[in-house]
Amino acid sequence: MTRMGKADRPAYVIPLELGQFWRTPTMSIQSVDPDQAIARLMRFLSIEGITGQEQAIGTDVVRCLRELGIPEDAIRFDHANAQIPLPTQTGNLIVTLPGTKPGPRRLFSTHLDTVPLCAGAAPIRKGNRIVPQGQTALGGDNRTGVACLVTMLAELYARRIPYGPMTVLFTVREESGLWGARTVDLKDLGNPVMGFNVDGGSPRNITIGAVGADRWEVEIVGKAAHAGVHPERGISATIVAARALAVIYKAGWFGKVKKGGQQGTSNVGPVGDAQGRCAGQATNVVTDYVKVQGESRSHDIKFITAITSAYRQAFKQAATEVRDDQGKTAKVKFHNFRSYFPYRLKPASPVVQAAQGVASALGWQTTLHLSNGGLDANWLARHGIPTLTFGAGQHDVHTIREYADLDEFLEGCSYALALAAQT
Ligand SMILES: [Zn+2]
């Protein structure tokens, strides 16, 4: 890689005042090597690894860790893929290090997978950004996180910077339901007391909480009949779905939902048959089966349940209103699944205080946020590890306009490094 034009900008150089964190008197200024960090990011962006297919990127990260001199017995894959109910090539990659000084164990996490729109992505450098060459997304979500944490380890090892006990977790299948973080075993992580998840844009925006979500699906079973000869003998599953959704919309349960001081969102996703094809096979047959899938989200767990219940009620009610000539009604089977739980860290909690302490030592203004999307941190918090999330330069993720901002990426690397070395 060519050297960055702004390689010496102070934003990702950790100033001397951080001496209290570093205890390495031979080093006057702490910063990450920008050329090596960016080369790592390009390397990881070049490897395809859409959600569920993390074998190649996992293998390359392991190769990179060995190159850094991280001992073989500190690196392993868990068996998360055996528990994930979707085809998944490999488990989570876990690096457990004793550290070179005592202290409570810290967790650093990020996800290995990218969204399917990243398949075949070829990263190219464009000024201070990395962009995809063709009509794909880039995969900066979340290879910026992967390169950030590998760079953190590279700097700790190469420069013998003292650090406390540490676990680095690279999860699988984040993009398809936070599965790696959901199924990880706390014991495999060595019981860390706090967690730092890297997955976002600027490292100065710190996410301390996120919504929870239900995914639900309803199967509507009606009765087929010839639509021209004997339509009265049919029970249209399509009409049941339409009536239910009309009620949901009118009652304010669709989209942004605000009721009784509570807020959330909901959406209706795929509508089709049991195999995912279109519902209804012909115009001349009363449609006897429709499957509708959707979701409900809120920062308040009770309100997630309330939104999902409103959908359940609407479908059950609509089923009683659509009848054949014998008075028979449709049947509905409604299933819901808690995809992830909401969580919120207190600004005064030790993990937020630790992050803000490092940020202020760097001279950064940080902001604390709540996210309306789920993060691996949701499940890590659920497992009992208070975890916040910061970014390492991903932008316009899940689109073909995706790019990685290299200034923010390097800032993210420095931030992770400073957190690892913090006392
Ligand atoms: Zn992500």
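A. Quick peek at the sheet that holds strand β15 (residues 331–340). A sheet is described by the order of its strands in space; here 5 strands give the open sequence β12-β13-β14-β11-β15, paired in antiparallel fashion. Lying at the two open borders of the sheet, with one neighbouring strand each, are β12 (255–259) and β15. The mean angle between the axes of side-by-side strands here comes to 25°, regardless of whether they run parallel or antiparallel. Along the sheet face, helix α7 (residues 237–250) touches β11 (212–221), β13 (262–272), β14 (289–298) and β15 and points at about 20° away from the line of β14. The strands touched by helix α8 (residues 301–321) are β11, β12, β13, β14 and β15; relative to β15, the strand with the most contacts, the crossing angle is about 165°.

B. Structural context of the confidence of the model for the chain. For the chain, per-residue confidence averages 92 on the pLDDT scale, and 93% of positions sit at 70 or higher. Between residues 1–29, whose pLDDT stays under 50, and residues either more than four places distant or in other chains, the model counts 69 contacts.

C. Focus on the packing of aromatic side chains. All chains considered together, the criterion is met by 11 aromatic pairs. With a centroid separation of 4.6 Å and an interplanar angle of 35°, the aromatic rings of W216 and Y311 are classed as tilted. Here Y311 lies in helix α8 and W216 lies in strand β11, a separation of 95 residues in the sequence. In textbook terms, an aromatic cluster arises when at least three aromatic residues are bridged by ring pairs, as seen for W216, Y311, F315 and F334. The ring of W253 has K259 sitting right over it, with the charged end atom 4.6 Å from the ring centre.

D. Focus on the environment of K256. Along the polypeptide, K256 turns up in strand β12. You can call K256 exposed: its relative accessible area is 68%. In this structure, the C-alpha to C-alpha distance between K256 and S298, residues 42 residues apart in sequence, is 9.9 Å. In contact with K256, other than residues within four places in its own chain, are G264 and T265.

E. Quick look at the pairing of β12. Where β12 meets β13, 5 bridges bridge the pair, whose relative direction is antiparallel. Each bridged residue has a counterpart across the sheet, and for V257 the counterpart in β13 is G264. Remark: 2 residues form the turn of the hairpin made by β12 and β13, two consecutive strands paired antiparallel; G260 in that turn has positive phi of roughly 50°.

F. Structural context of the pattern of salt bridges. Applying the stated rule across the entire model yields 14 salt bridges. Close ionic contact of D273 with R277 constitutes a salt bridge, the shortest N to O distance being 3.0 Å. Residue D273 is classed as buried on the basis of its relative accessible area of 8%. Judged by relative accessible area, which is 48%, R277 ranks as partly exposed. Shared partners join several salt bridges into a network, and the residues in it are R43, D60, R63 and E67.

G. Quick peek at helix α2 (residues 34–45). End to end, α2 covers 16 Å across 12 residues, agreeing with the expected 16 Å (1.5 Å per residue, within 8%). For α2, the complete set of buried residues consists of P34, A37, I38, R40, L41, M42, F44 and L45. Packed against the buried residues of α2 are α3 (55–68), β6 (123–126), β7 (129–132), α5 (140–158), β20 (403–405) and α11 (406–421). The distance from a side-chain oxygen at the start of α2 to the backbone nitrogen of D35 is 3.0 Å, and the residue carrying that oxygen is D33.

Parameters and conventions
- Residues numbered from 1 in each chain as written.
- Predicted model: local features only at pLDDT ≥ 70, side-chain atom pairs only at ≥ 80, totals over all residues.
- Heavy atoms only, no water.
- Pairing = 2+ DSSP bridges.
- Helix = DSSP H or I, 4+ residues; strand = E, 2+ residues; numbered from the N terminus.
- Axes fitted to C-alpha atoms, helices over the stretch in contact; angles between N-to-C directions.
- Contact = heavy atoms within 4.5 Å.
- pLDDT = per-residue confidence, 0-100.
- Phe/Tyr/Trp six-rings, centres within 6.5 Å; stacked < 30°, edge-to-face > 60°.
- Lys NZ or Arg CZ within 6 Å of the ring centre and 35° of its normal.
- Buried < 20%, exposed > 50% of the residue type's maximum accessible area, 1.4 Å probe, protein only.
- Salt bridge = Lys/Arg side-chain N within 4 Å of Asp/Glu carboxyl O.
- Expected span 1.5 Å × (residues − 1).
- Polar contact = N/O pair within 3.5 Å; in protein donor to acceptor, adjacent residues only side chain to side chain.

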